[in-house]
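# Commentary on secondary and tertiary structure
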Amino acid sequence: MNRLISIRGGRVVDPANGIDRLLDLHLVDGRIASLGAAPAGAGGAEEIDASGCLVMPGVVDLSVRTCEPGAEHKATIASELAAAARAGVTTICIPPDTRPILDTPAVVELIHARTEAAALARVVCLGALTRKLEGAVLAEMAALAHIGCVGVSNARAPIESTAVQRRAFEYAANFGLTVFIQAEDPWLAAEGAAHEGAVATRLGIPGIPETAETIALARDLLLIEQTGVRAHFGRLSTAQGVRLVTAARRRGLRVTSDVSLQHLELTEHDLEGYCVHRHLRPPLRSRADRDGLRRGVARGLIDAICSDHEPQDRDAKAAPFAASEPGASALETLLPLTLSLVREGVLPLGMAVAALTSRPAGILGLPVGHLGVGAPADVCVFDPAVEWVVSAASLVSNGKNSPFLGRTVSGAVRCTLLGGRVVYHS
Amino acid sequence: MREVGRQPLRHFLGVEGLSRETLTEILDTAEGFMAFGSRAVKKVPLLRGRTIVNLFFEPSTRTRTTFDLAAKRLSADVLNLNVEASSTRKGESLLDTLWTLQAMNCDMFIVRHGLSGAAAFIAAHVAPGVRVINAGDGRHEHPTQAMLDCATIRRHKGRFEGLSVAIVGDIAHSRVARSGIHALRTLGVEDLRVVGPKTLIPVGIEELGVSVYHVLERGLEGVDVICGLRLQQERMQGALLPSAAEYYRCYGLTPERVARAKPDAIVLHPGPINRGVEIESQVADGPQSTILEQVNIGIAVRMAIMSLAMGSNAGLAEDA
């Protein structure tokens, strides 16, 4: 038997297996070996002290942009995987809007090679749904699936033609691929940069109405029903959107959804003073929307919480609000702020951890996100007692564009293990 | 803007958040400058030796020339830059332009830009000691216009409490409307109305303390002051309005409609006016119109704001 790692004295939270109690966790050969008593015959144990900590599956993040390939001056796979390790995130999913667009196996191979070199997290890719994300010609989805893409997506480039959308869904369904959708109607969103409401009106920022999301969602749901494709709606931003997805699920459609932590935490009111780090897409919406999203996660209607991490450099944000690039550096605040919502009574712990681990893993079809015996030993040891201040200096990510700069955050990762190997230790 | 409210007046980025005392001081100071225009010698040495840059990223004639004149009457040196036509076209960023100008040791930037928040953005990046005055940022604020409108109203009505004011036209895209709403509410106007078709009234405008009217005749009923807004050419046809002609038929300020207001009501307009679109000539040139008077008052108000921001008049540092 090979080397044993024992994580001792922590509160093990593993929603997929219904576990939430003080337990020792033992890893052998990169896999979960046992909970409680050490496996028989194991020797040479390395010990990790997890007293006072949560011991949970490594986080599975459904949307992380690393900026590589295409915008390496902002961030790289190596820099952002280091941030992921620090954040307790052991699996990330990259959307296809890289440069070049992720519509050929070559781009996937490049990402896999850089990931292996960094060896700090698992990386899976979404292939393009249409070539160059232009919404006109289907991408070679079978080839993309063959090289390892876990799904297909048109990222944030809406497909204007419903006919192309329909055929793309049919073709994805043909290969059993899940379509990942960020629903936004391009005409209603137009030149908008903030939620259409009293705040955007006062600040004079062109608005994006709620219907930009809900109309696109409703259209997509009807095409999903017609084509039978499995679909995942990412980054819901409206309470009405949650209701639409929930209703569709009730009538038997195979749809799942996620929300970014930023949309659970912030609202349009946080744009005061034209805070460019809170210029996000979809935009931060009303308090009622945020509360609807929170209820959606708490009740399990929204499957997953993601970071929607998108590093930007200074130049990208150094402009008046509407001209600044949207996006937030959010990997490292994902876990602490989600668990703060648990402490505040907004989310039940089991539901929150499931939304960060087992449920997104299920959406991606990966065998991670839980601590069952035999599973890959992707583990996060989180110390809720540590306080730190979000700042350019305290973030490992190359992107310093956190919407939470200056905020004191409770809780930090003590240790991250990837396949039984320590990839981060505070 | 908030920044102004919390600190001694350094920049003048917006009316929102300023106290009634601050606004009144601006109006009082402007009143003092109003007599200047009719004097033979129109200059005071308040800003002698100071360099003021008119930094306009959007075309403007009226606002830029009145700022220009106001600065010259305060004895400042003035540099007029139409940036739209120069460096930003070559890909130079807004910050690069700003830093280049700053290297010339200017004291104040008068900024107009097509994006909301641009003046605040520039103010956040200038060197300490450099003043920024917002001459219009996107749809956000045009605070000097609002102050000159208020000065005009005060000259005619002598007060703000108890007045009924209607702002008519394209509220959605208007920075003049937003600044005007903040200023008039702060100065004590309770019955403040915005009038226009649904396509030109932005969501949630009621939260600024106004009541919304979609029928012009009703919106003008019994008001003391009518503020017309300019309808931009690009709004006149498309999905917001079918045509300039239909807009005029439904929302044009005609003598018959103005007659619904109080007999002594005044009609303001920031200019330049579209005759036969938002206003009929008979109204624009009639006895109730203050349109030309506003231009002259605008110079005095801009003199007041520039001198207060440069600290040449004590007292504006309300929270210092």
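This is a predicted model, so every value here is computed, not measured.

## A short note on the overall build of chain B
- Secondary structure summary: chain B contains twelve helices and nine strands in total.
- Against the globule reference of 20 Å for 320 residues, chain B gives a C-alpha radius of gyration of 19 Å, in line with a compact fold.
- The principal-axis extent of the C-alpha atoms belonging to chain B is close to 55 × 45 × 40 Å.
- In chain B, of all internal contacts separated by at least 6 residues, the share reaching a separation of at least 24 is 75%.
- Accessible surface, chain B: about 12600 Å² in total, of which carbon and sulfur atoms supply 50%.

## Quick look at the domain arrangement of chain A
All names here are of chain A.
- For chain A, the assigned domains are domain 1 (4–55 + 376–425) and domain 2 (57–364).
- Here domain 1 and domain 2 have C-alpha centroids that lie 25 Å from each other.
- A per-residue breakdown of the area domain 1 buries against domain 2 is headed by Asn 401, Pro 403 and Phe 404, which together make up 21% of the total.
- Here Glu 265 and Arg 407 are joined by a salt bridge, their closest N and O atoms 2.8 Å apart.
- At the junction of domain 1 and domain 2, the tally comes to 17 residue pairs in polar contact (both at pLDDT 80 or more).
- Sorting the residues of the side of domain 1 that touches domain 2 by element identifies strand 1 (4–14), strand 16 (379–389), strand 17 (408–418) and strand 18 (421–425) as the ones contributing at least two each.
- At seven residues, strand 17 tops the list of elements feeding residues into the side of domain 1 that touches domain 2.

## Description of the side chain of A:Arg65
Residue and element names in this part refer to chain A.
- On the secondary structure map, Arg 65 appears in the loop between strand 6 (59–61) and helix 1 (77–87).
- Exposure remark for Arg 65: the relative accessible area of 8% places this residue in the buried category.
- Among the polar contacts made by the side chain of Arg 65, one reaches the side chain of Asp 97 at a distance of 2.8 Å.

## What about the pattern of salt bridges?
Residues and elements named next belong to chain B.
- All told, the structure shown has 39 salt bridges over all chains when counted by the stated rule.
- Between Arg 257 and Glu 217 there is a salt bridge; the shortest N-O distance is 2.7 Å. With Arg 257 in helix 10 (residues 255–258) and Glu 217 in helix 8 (residues 216–220), this pair connects stretches of sequence that are 40 residues apart.
- Classification of Glu 217 by relative accessible area gives partly exposed; the value is 21%.
- Three or more residues joined by partner-sharing salt bridges are found here, namely Asp 28, Glu 31, Arg 154 and Arg 155.

## Examining the sheet that holds strand 15 (residues 304–306) of chain A
Residue and element names in this part refer to chain A.
- With parallel pairing, the eight strands of this open sheet are ordered in space as 6-7-8-9-10-13-14-15. Looking at strand neighbours, the two that pair on one side only are strand 6 and strand 15, the edges of this open sheet. Here the strands of the sheet are splayed against their neighbours by 25° on average, with no regard to which way each runs.
- For strand 13 (residues 230–233) and strand 14 (residues 255–260), the ladder comprises three bridges, and the chain directions are parallel.

## A few points about the sheet that holds strand 7 (residues 211–213) of chain B
Residues and elements named next belong to chain B.
- Across the sheet, five strands lie side by side as 7-6-5-8-9; this open sheet has parallel pairing. At either end of the open sheet lies a strand with only one pairing partner, and these are strand 7 and strand 9 (266–268). Mean inter-strand twist for the sheet, computed between neighbouring axes without regard to direction, equals 20°.
- In terms of strand pairing, strand 5 (residues 164–168) meets strand 6 (residues 191–195) through five bridges, oriented parallel. Following the sheet pairing, Ala 166 is matched in strand 6 by Arg 193.
- Packed onto the sheet, helix 7 (residues 175–186) meets strand 5 and strand 6 and runs at close to 170° relative to strand 6.

## Details of the packing of aromatic side chains
- Throughout the structure, instances matching the rule amount to two aromatic pairs over all chains.
- Where A:Tyr171 meets A:Phe175, the ring centres are 5.0 Å apart and the plane angle is 70°; that geometry is what we call edge-to-face.
- For A:Phe175, a relative accessible area of 38% puts it in the partly exposed group.
- Seen from the ring of A:Trp388, A:Arg86 lies directly overhead, with NZ or CZ sitting 4.4 Å from the centre.
- The ring of B:Phe67 has B:Arg302 sitting right over it, with the charged end atom 4.9 Å from the ring centre.

Rules of the game
- One numbering rule holds for all chains: residues counted from 1, following each sequence as written.
- Working convention: letters from A go to chains and numbers from 1 go to ligands, in the order in which they are written.
- Only residues with pLDDT of at least 70 are given local features in this predicted model, and only at 80 or more are side-chain atom pairs given and counted; all residues enter the totals for whole chains, interfaces and linings.
- Hydrogen atoms and water are omitted, and side-chain values are computed over all heavy atoms in the structure.
- Here a strand is any run of E in DSSP of at least two residues, a helix any run of H or I of at least four, and the numbering for each starts at the N terminus.
- Atoms counted for the radius of gyration: C-alpha only. Globule rule: 2.2 Å times residue count to the power 0.38.
- Residue contacts are defined here by distance: any two heavy atoms, one from each residue, within 4.5 Å place the two residues in contact.
- The protein chains shown are the only cover counted for residues, whose accessible areas, like all others here, come from Shrake-Rupley with a 1.4 Å probe.
- Segmentation of the chain into domains, including their bounds, is taken from an automatic or database domain assignment.
- Throughout, the accessible surface (probe 1.4 Å) given up by two parts as they are put together, summed over both, is called the buried area.
- By salt bridge we mean one thing: a side-chain nitrogen of Lys or Arg within 4 Å of a carboxyl oxygen of Asp or Glu.
- What qualifies as a polar contact is a pair of N or O atoms within 3.5 Å, subject to a donor-acceptor requirement within protein and to the restriction that residues adjacent in sequence count only when both atoms come from side chains.
- In this scheme, a residue with accessible area under 20% of its type's maximum is buried, one over 50% is exposed, and one in between is partly exposed, where area comes from a 1.4 Å probe on protein chains only.
- Strand pairing is assigned whenever DSSP detects at least two bridges linking the two strands.
- For helices, the fitted line uses only the C-alpha atoms of the stretch in contact; every axis is such a line through C-alpha atoms, and the angle between N-to-C directions lies from 0 to 180 degrees.
- Note on aromatic contacts: the rings of Phe and Tyr and the six-membered ring of Trp form a pair at centre separations within 6.5 Å, being stacked when their planes are under 30 degrees apart, edge-to-face when over 60 apart, and tilted otherwise.
- To sit over a ring, a charge needs its Lys NZ or Arg CZ within 6 Å of the ring centre and within 35 degrees of the ring normal.

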